[in-house]
Amino acid sequence: MDYIIFCDHCGMPKPIVEHIMREYFWIAQQVYCNNCEKPNQIPKYLQELSLEMHKERNDKSD
Ligand SMILES: [Zn+2]
């Protein structure tokens, strides 16, 4: 399942694939728009979701 962030500056939707969510979003603060290349703050709920996904992944690999 992919996730979508809408750019605060130009409104362009940016699809976020699952592995980016899992590996990157929990440590990242912002993500750059593909269209206008401006930074967007990653919403807190997505960071929390990302951290959960990351933890789950690590639990399974033990
Ligand atoms: Zn934009």
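This is a predicted model, so every value here is computed, not measured.

Basis of the calculations
Residues numbered from 1 in each chain as written. Predicted model: local features only at pLDDT ≥ 70, side-chain atom pairs only at ≥ 80, totals over all residues. Helix = DSSP H or I, 4+ residues; strand = E, 2+ residues; numbered from the N terminus. Buried ≥ 20, exposed ≤ 12 C-beta atoms within 10 Å, placed from the backbone. Contact = placed C-beta atoms within 7 Å. Axes fitted to C-alpha atoms, helices over the stretch in contact; angles between N-to-C directions. Parallel < 35°, antiparallel > 145°, perpendicular 65-115°, else oblique. Expected span 1.5 Å × (residues − 1). pLDDT = per-residue confidence, 0-100. Pairing = 2+ DSSP bridges.

Once that is clear, we can look at the overall build of the chain. When you go through the chain residue by residue, the secondary structure sums to two helices and four strands. Reading the secondary structure of the chain in the N-to-C direction produces β-β-α-β-β-α. For the chain, the spread of C-alpha atoms along the principal axes amounts to about 40 × 20 × 15 Å. Looking at the 62 residues of the chain, the share that counts as buried comes to 5%. For the chain, long-range pairs separated by at least 24 residues make up 39% of all intrachain contacts whose partners lie at least 6 apart in sequence.

Where helix α1 (residues 18-25) meets helix α2 (residues 44-60), the closest approach of the two axes is 8 Å, and the angle between their N-to-C directions is 90°. One element, α1, and the other, α2, form an angle in the roughly perpendicular class. When α1 is examined against α2, the residues Met21, Arg22 and Phe25 are found in contact with a partner set consisting of Leu46, Gln47, Ser50, Met53, His54 and Arg57.

Another point: α2. Compared with the 24 Å implied by 1.5 Å per residue over 17 residues, the 25 Å span of α2 between its first and last C-alpha is a close match. Taking burial as the measure, the 17 residues of α2 include one buried ones, a minor fraction of the element.

Of all residues in the chain, 97% attain a pLDDT of 70 or more, and the chain-wide mean is 93. When mean pLDDT is compared element by element in the chain, strand β4 (residues 39-41) scores highest at 97, while α2 scores lowest at 92.

Relative to the helices and strands, Gln29 is located in the loop between α1 and β3 (30-32). In this structure, the C-alpha to C-alpha distance between Gln29 and Met53, residues 24 residues apart in sequence, is 17 Å.

A few words on the pairing of strand β1 (residues 3-6). Here β1 runs beside strand β2 (residues 13-16); their pairing, made up of four bridges, is antiparallel. Along β2, the bridge assignment pairs Ile5 with Lys14. The turn joining β1 and β2, which pair antiparallel and follow one another in sequence, is formed by six residues; a positive phi near 85° is taken by Gly11.

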